[in-house]
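Each chain, letter by letter, is given below.
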There are 2 protein chains.
Amino acid sequence: NGAKSPISCLLSAGDQSLILLSAVNKAGSEWSPACLPCSPDEGRTCSKAPEVASVRVQLEMQSLWRQFDQLGTEMIVTKAGRRMFPTFQVHISGMDPAAEYVLLLDFIPVDDKRYRYAFHSSSWMVAGRGDIAAPGRVHFHPDSPARGAQWVKQTVSFDRLKLTNNLLDDNGHMILNSMHRYQPRLHVILVDRSRDSQRYAHRNFCTFIFPETRFIAVTAYQNHRITQLKIACNPFAKGFRAADSENR
Amino acid sequence: NGAKSPISCLLSAGDQSLILLSAVNKAGSEWSPACLPCSPDEGRTCSKAPEVASVRVQLEMQSLWRQFDQLGTEMIVTKAGRRMFPTFQVHISGMDPAAEYVLLLDFIPVDDKRYRYAFHSSSWMVAGRGDIAAPGRVHFHPDSPARGAQWVKQTVSFDRLKLTNNLLDDNGHMILNSMHRYQPRLHVILVDRSRDSQRYAHRNFCTFIFPETRFIAVTAYQNHRITQLKIACNPFAKGFRAADSENR
DNA sequence: AAGTTCTCACCTAGGTGTAAAGTT
DNA sequence: AACTTTACACCTAGGTGAGAACTT
């Protein structure tokens, strides 16, 4: 993996076939970086199956995500599980209408650090080494598996996904460490029953990362401006909005 | 199909491989009739694949269904779609844990008659020939397809299914004619990607019928006792319950 | 007269941040 | 002092039958 292409190709720990593209294309791009072929590695070409190589993914509510990201997004984790807000939602195109795909979301630690919020400076500080990561879980989109025609037809929403800090959770929620930073990842996987799945697995999926969806997991909001933005935008928090425009 | 076994084996119109067992076993049986092999027909044996032949299905809330059935169950149909109450829920056993199954619910007319409710005698009367049936739809259980291990683990509920009288419905609801009688049917289908699906289709599924789930579709309740039983048992109708035991 | 559609008050079910209490 | 848990008021979202209005 000593590839020196303009777009660096990082391999995530524990899963050598997941390709994590760096943020070269991120600023101003409405579309996520395409799932580019990995550079030749040990004599085998690492190109993607055509049903996967042509897939494009667009993040919904991107401007909202960026508003949060500029403040430093926080996501509540609870024992029972808490939804994300904003919700991870995407619009997909370029799928083979007849092919079957599975959509997965997972969360990788951005670094191995633990954070704390410094109220005097209203900013996040490194507070030491990160805790050991919980066993990695993935969240299947509940519509999986489905045909490409289905996925591209409408917005794909991961609104049922919940975050928890309970290491013993058995509700299938995503287990995260509080006060740690995470990066959501979307995996688009081609269901290919005809080929030798062991041999071709690396060709049949593609990973998309939207840097503006990074967040710090918390058990209570730290940055008051994050709290206010959540209240302003999340319909379920309407009860906490100041009754300004009640005249209309 | 001149089979003269104690359990008569009826074939439903338009789908010669769906086996509809008559009500010989119905009274007192907690379990639905098993999906028995059809009698030999035109020289080919009509036996079921083992993953399907061993499946057993038990109706949940059977005593509630029977309370309604004794009064003559009515189900509301609306333009927007209305849920069923009681809900069609089953407990399944005997599936191959590793095999994949699809679960379907559909509704067949019990007869070709139209009914009307005679208030003076508090009973349903035949009111002429039935209207032409809407194009047949099926309702896939939203968890389909899933492994046998998943299906048998907990109650399988069709609570999201909705009934409509709108012939132009495009929400995927089940279209029924008001004032007509229907019989729900559960189809358990083995997902078999290895065999010649055309040739073996009849071996790969099995149909279960619970006679106590029959009902008449209505746009407004006719029998007042049905209304009262719905109010007494459906949590969403709690607002209409007489506040008798408000002391507790 | 018979059947259908529509609006509504009243529920269930569950997603919010708050503030107090608990934990380390 | 820093962080987590819990109970709670206040929402969204949508499933009920009643009863009036509408249709044929």
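Refer to the structure printed above.
I will try to describe carefully the structure that is included in this document. (Residues numbered from 1 in each chain as written. Chains lettered and ligands numbered in written order. Predicted model: local features only at pLDDT ≥ 70, side-chain atom pairs only at ≥ 80, totals over all residues. Heavy atoms only, no water.)

This brings us to the pairing of strand β19 (residues 215-218) of chain A. Residues and elements named next belong to chain A. Side chains Phe215 and Ala217 project from β19 onto one buried face, and the interleaved Ile216 and Val218 project onto a second face that is buried too. Looking at chain direction, strand β6 (residues 74-76) and β19 are connected through 3 bridges and run parallel. Counterpart to Ile76 in the pairing with β19 is Val218. The sheet contact formed by strand β17 (residues 181-191) and β19 spans 2 bridges and is antiparallel. The partner of Tyr182 across the bridge, within β19, is Phe215. (Buried < 20%, exposed > 50% of the residue type's maximum accessible area, 1.4 Å probe, protein only. Helix = DSSP H or I, 4+ residues; strand = E, 2+ residues; numbered from the N terminus. Pairing = 2+ DSSP bridges.)

Among the 21 residues in the neighbourhood of DNA strand D, the closest are listed as Thr219 and Lys238 of chain A together with Arg82, Tyr221 and Asn234 of chain B. The separation between a phosphate oxygen of DNA strand D and a polar side-chain atom of Asn165 of chain A is 2.9 Å. Contact distances for DNA strand D include 2.6 Å between a base nitrogen and a side-chain N or O atom of Arg82 of chain B. Counting residues per element, the ones that place at least two in the surface near DNA strand D are β7 (82-83) and α5 (224-233) of chain B. Of all the elements, α5 of chain B adds the most residues to the surface near DNA strand D, at 3 residues. Residue classes in the surface near DNA strand D are distributed as 9 nonpolar, 6 polar and 6 charged. (Near = heavy atom within 4 Å. Polar contact = N/O pair within 3.5 Å; in protein donor to acceptor, adjacent residues only side chain to side chain. Nonpolar A, V, L, I, M, F, W, Y, C, P; charged D, E, K, R; others polar.)

On to the packing of aromatic side chains, then. Aromatic rings in a pair are described by how distant their centres are and how their planes are angled relative to each other. Residue and element names in this part refer to chain A. Evaluated as defined, the whole model comprises 14 aromatic pairs over all chains. Ring centres of Tyr117 and Phe119 lie 5.2 Å apart, and the angle between their planes is 85°; this geometry places the pair in the edge-to-face category. Judged by its relative accessible area of 56%, Phe119 is exposed. A connected cluster of aromatic rings, assembled from ring pairs, spans Phe88, Phe158 and Phe210. When the ring centre of Phe205 is taken as origin, the NZ or CZ atom of Lys48, which lies over that ring, is 4.6 Å away. (Phe/Tyr/Trp six-rings, centres within 6.5 Å; stacked < 30°, edge-to-face > 60°. Lys NZ or Arg CZ within 6 Å of the ring centre and 35° of its normal.)

Once that is clear, we can look at the packing of helix α2 (residues 62-71) of chain B against α5 of chain B. Residues and elements named next belong to chain B. The contact between α2 and α5 brings their axes to 9 Å, and the two run at 165°. Comparing their axes, α5 and α2 come out roughly antiparallel. As for the relative orientation of α2 and α5, their crossing is left-handed in sense. Two secondary-structure elements touch here, α2 through Leu64, Gln67, Phe68 and Leu71 and α5 through Arg225, Ile226, Leu229, Lys230 and Cys233. Split into classes, the residues belonging to the contact of α2 with α5 amount to 6 nonpolar, 1 polar and 2 charged. (Axes fitted to C-alpha atoms, helices over the stretch in contact; angles between N-to-C directions. Parallel < 35°, antiparallel > 145°, perpendicular 65-115°, else oblique. Left-handed = near helix turned anticlockwise from the far one by under 90°. Contact = heavy atoms within 4.5 Å.)

Take the protein's contact with DNA strand C next. For DNA strand C, the set of nearby residues contains 19 residues, the closest of which are Arg82 and Tyr221 of chain A together with Asn165, Thr219 and Lys238 of chain B. Taken together, the sugar and phosphate atoms account for 80% of what DNA strand C places within 4 Å of the protein. Contacts to DNA strand C include Tyr221 of chain A, whose side-chain N or O atom sits 2.7 Å from a phosphate oxygen. One of the side-chain nitrogen or oxygen atoms of Ser178 of chain B is found 3.0 Å away from a phosphate oxygen of DNA strand C. Listing elements by their share of the surface near DNA strand C, those giving two or more residues are β7 (82-83) and α5 (224-233) of chain A. Per element, the largest residue contribution to the surface near DNA strand C is 3 residues, and it comes from α5 of chain A.

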